[in-house]
Amino acid sequence: GDNSADPFIIEISADAGIRPAEVLAEITADNDYNAVDTFYLNISLMQMNFPLSMGENIEGAIGVLDVDYDNKDEIIFGTSDDNIYVCNEDGSILSGFPVSVGGDITGGIAVGQLDGPGALDMAICTRDGDIYFKTMNGANLPGFPVSAGGSYFSTPMILDMTPDFYHEVVFTSFGDGKIYAYKADGSLVTGFPYETSSRFYGSPAAGNLDGDDDLEIIAGALDGQIHAINNDGSTVSGFPVQLDGALWASPAIGDIDGDGSDEIIIGTQNSYIYALESDGSIISGFPVELSGQIKSDAALFDIDFDGAAEIFIGTNGEELYAIEGNGDIISGFPAALGGTVSSSPLIADVDGDNQYEIILAVTDGVIYGFENDGMPMTNFPIPVNGTLTSSTPALTDLDADGDIEIIVGLRQNHENLLAFDIKHSSGLAGVDWKMFGHDMTRQHRLHDYVTRAPEDKNSALPADFALCQNYPNPFNPATTIEYALPVDSDVELNIYNIMGQKVSTLVDGYQKAGYKSIKWNASEYSSGIYFYRMIAGDKNIVRKMLLIK
């Protein structure tokens, strides 16, 4: 006659699918009571406090960045009701947000140091044709917003065009077919806008096509022409180049043939993937015909540690391709998908196995994960119960617990910001193309990198001396510097302040050839620009970094 409740535990197999699971429960008692019931247990990897309902569609790409310097990334995105949101790892909204702008946000948001060294700023394009530069507390920078004419579906790009420590914002226009470049004071960069006879849907990219210190701007138009533009608004020699089919996607920039220079990768509506040299010539082995229209961006990463990046791209033929720099399709690919692709692949060691995986979302609301041999990952695909138009997900260790979360935005007004916790330790060891455009500058460029092979990976020696851009950057208080030595060498690696005074020596001695990594903890130093210089062999390489406290 006692009323009591005894708890019980249901264990789910590690390889169970991410889906509702049917559970059959049979209850018996001493008084010959017997009952059988069926219920459903929703197996989910959802991060605590997610999903969030933002009230309006999320149509642009998700971004992740530590904007408040708490050593945890925040989630940055815009909605179709004109609002910019920044969310913390627990689902709460960062103080001061949401911030309203004057039109629908259909692209992603770019973040950088627009008005010089110091705090971060945001760049936003609206469908109504307005451009906003905002501080991270939501205030407009002086001179903004500006109305540049036309409508914008693309994501802006932030880069230092000169370079002079002051960043510019570049964006393409669907409405008037121009490419705009603005300074942080609201004035146009001399030589811009760059005029074409077509329109743009994809976002611009940046690459070092001529080997100097300046970045060139690359963009693909709907008439099939790929444009390359110098920082004074003039056309790069050899461009524009006419390709076979409309260019709906953004270019991807990186070294795919191991020659140390940037190449341009882009797919066409007529199902071809192109690879162009910096002079506009088409690389031998390209174009490669794929299974369907290509309206999504490629991602680049040296997934096999051979010194050259591979190309990863999805098609409307419901397939994911992995392609070598000579045009050969990698064994095990293409991998089959259950829907059309409108987002960029993402590359990371998601499951902590010291190998890199590929994550890709399809418009029908499914996230796929593949090993580097094309085999599906355990626990994938993951259904997301919504539509993912052009909103590329993002990868980050959102809660700083040592594993990766997949952040997804949906084209619906309820339960439309999702965070899936993959629950594998050490997965963040190699996040290398973790969002649309590679990082929050949205340059679509795999640059300044040395392949970061895991410590137990027997990779080939580097081909040349190299000094990578530190990461993270900006940073507080620690950052990582990676470099490469093709031969045994005497190495000096020093840190200098803005006055040119040496403040720290990280390396001073003889080192064996290979890939190297070292951390600099700047907790005792003040905010500002610092330079780090490596002297090794016949090389003297200097890079800059920004400490913000």
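Everything that follows concerns the structure shown earlier in this document.
The structure presented is a predicted model; accordingly, all values stated were derived computationally and were not measured.

(A) The overall build of the protein chain, seen in detail. Check the secondary structure of the protein chain and you find 0 helices and 40 strands. Here the protein chain holds 549 residues, and the buried ones make up 56% of them. Taking all contacts inside the protein chain whose residues are at least 6 apart in sequence as the whole, residues at least 24 apart take part in 52%. Working note: accessible area of the protein chain is about 21,700 Å², and carbon and sulfur atoms make up 46% of it.

(B) Representation of the pairing of strand β36 (residues 489–496) within the structure. For β36, a buried count of 6 out of 8 residues is recorded, marking the element as mostly surrounded by other parts of the structure. Pairing analysis gives 8 bridges linking β36 to strand β37 (residues 502–511), with the strands arranged antiparallel. Looking at β37, one finds that I495 is bridged to S504.

(C) Examining the sheet that holds strand β22 (residues 288–289) more closely. Reading across from one edge, β19-β20-β21-β22 is the order of the 4 strands in this open sheet, with antiparallel pairing throughout. Sheet topology places β19 (252–254) and β22 at the edges, where each strand pairs with a single neighbour. In the sheet, strand β21 (residues 272–276) pairs with β22 via 2 bridges, with the strands oriented antiparallel. When the bridges of β22 are listed, Y272 appears paired with E289.

(D) Structural detail: the sheet that holds strand β31 (residues 394–396). Across the sheet, which stays open at both edges, the 3 strands sit in the order β31-β32-β33 with antiparallel pairing between neighbours. Two strands in the sheet have a free side with no partner beyond their single neighbour: β31 and β33 (417–421). Strand-to-strand twist in this sheet, taken as the mean axis angle between neighbours without regard to direction, amounts to 25 degrees. Here 5 bridges tie strand β32 (residues 405–409) to β33, and the two strands are oriented antiparallel to one another.

(E) Spotlight on the pattern of salt bridges. Counted under the stated rule, the structure contains 7 salt bridges. Between E89 and K72 there is a salt bridge, with the nearest N and O atoms lying 3.4 Å from each other. Pair noted here: E89 is in the loop between β5 (83–87) and β6 (99–100) and K72 is in the loop between β3 (63–65) and β4 (74–78), with a separation of 17 residues, a long-range link. When the shortest N-O distance is used, the salt bridge between D160 and K544 registers 3.2 Å. Here K544 lies in strand β40 (residues 539–547) and D160 lies in the loop between β11 (157–159) and β12 (168–172), a separation of 384 residues in the sequence.

(F) Seen up close, the side chain of E357. Along the chain, the position of E357 falls in strand β28 (residues 357–362). For E357, a relative accessible area of 0% gives the class buried. A polar atom in the side chain of E357 sits 3.5 Å from the backbone nitrogen of D351.

(G) Representation of the pairing of strand β8 (residues 121–125) in the model. Judged by how many residues are buried, β8 sits mostly within the fold: 5 of 5 residues are covered. Of the pairings in the sheet, the one linking strand β7 (residues 110–112) to β8 comprises 3 bridges and is antiparallel in character. Note that in β8 the partner of A110 across the bridge is A123. With 5 bridges connecting them, β8 and strand β9 (residues 130–135) associate as antiparallel partners. Within the sheet, the bridge partner assigned to I124 lies in β9 and is Y132. Hairpin connection of β8 to β9: 4 residues between the antiparallel strands, including G129 at a positive phi of 100 degrees.

(H) A look at the packing of aromatic side chains. For the coordinates displayed, the defined rule picks out 13 aromatic pairs. Here F171 and Y182 contribute two aromatic rings whose centre-to-centre distance is 6.0 Å and whose plane-to-plane angle is 0 degrees, an arrangement assigned as stacked. Here F171 is found in strand β12, whereas its partner Y182 is found in strand β13 (residues 178–182), with 11 residues between them in sequence. The buried category is assigned to Y182, whose relative accessible area is 6%. Ring centres of Y201 and W248 lie 5.2 Å apart, and the angle between their planes is 65 degrees; on these two criteria the pair is classed as edge-to-face. With Y201 in the loop between β14 (194–195) and β15 (205–207) and W248 in the loop between β18 (241–242) and β19, this residue pair connects regions lying 47 residues apart in the sequence. A relative accessible area of 25% means that W248 is categorised as partly exposed. An aromatic cluster of at least three residues, connected via ring pairs, comprises F133, F144, F171, Y180 and Y182. For the cation-ring pair, R199 lies above F174, with the distance from its terminal atom to the ring centre recorded as 5.0 Å. Against the face of W248 rests K295, its NZ or CZ located 4.7 Å from the ring centre.

(I) Highlighting unusual backbone geometry. Cis geometry marks the peptide bond from F144 to P145; its omega dihedral reads 5 degrees. In this fold, P145 is placed in the loop between β9 and β10 (146–147). A cis geometry characterises the amide bond from F239 onward to P240, with omega recorded as 0 degrees. Assignment of secondary structure puts P240 in the loop between β17 (225–229) and β18. A positive phi angle is found at N379, which is not glycine, with a value near 75 degrees. Considering the arrangement of structural elements, one finds N379 in the loop between β29 (366–370) and β30 (382–383). Judged by its relative accessible area of 17%, N379 is buried.

(J) Inspection of the nonpolar core at higher detail. Within the largest apolar cluster, 39 residues are counted, with the highest numbers of intra-cluster contacts made by I256, I265, I273, F286 and L300. If you list the elements that add at least two residues to this core, you get β21, β23 (299–301), β24 (310–314), β25 (319–323), β28 and β29. With near-sequence residues (within four places) excluded, L300 lies in contact with A252, I253, G254, I256, I265, A309, E310, I311, W433 and L446.

Cut-offs applied
- Residues numbered from 1 in each chain as written.
- Predicted model: local features only at pLDDT ≥ 70, side-chain atom pairs only at ≥ 80, totals over all residues.
- Heavy atoms only, no water.
- Helix = DSSP H or I, 4+ residues; strand = E, 2+ residues; numbered from the N terminus.
- Buried < 20%, exposed > 50% of the residue type's maximum accessible area, 1.4 Å probe, protein only.
- Contact = heavy atoms within 4.5 Å.
- Areas by Shrake-Rupley, 256 points an atom, 1.4 Å probe, with all protein chains shown as cover.
- Pairing = 2+ DSSP bridges.
- Axes fitted to C-alpha atoms, helices over the stretch in contact; angles between N-to-C directions.
- Salt bridge = Lys/Arg side-chain N within 4 Å of Asp/Glu carboxyl O.
- Polar contact = N/O pair within 3.5 Å; in protein donor to acceptor, adjacent residues only side chain to side chain.
- Phe/Tyr/Trp six-rings, centres within 6.5 Å; stacked < 30°, edge-to-face > 60°.
- Lys NZ or Arg CZ within 6 Å of the ring centre and 35° of its normal.
- Core = buried A, V, L, I, M, F, W, Y, C linked by side-chain atoms within 4.5 Å.

So, to be careful, I would describe these as geometric facts and stop short of saying anything about function.
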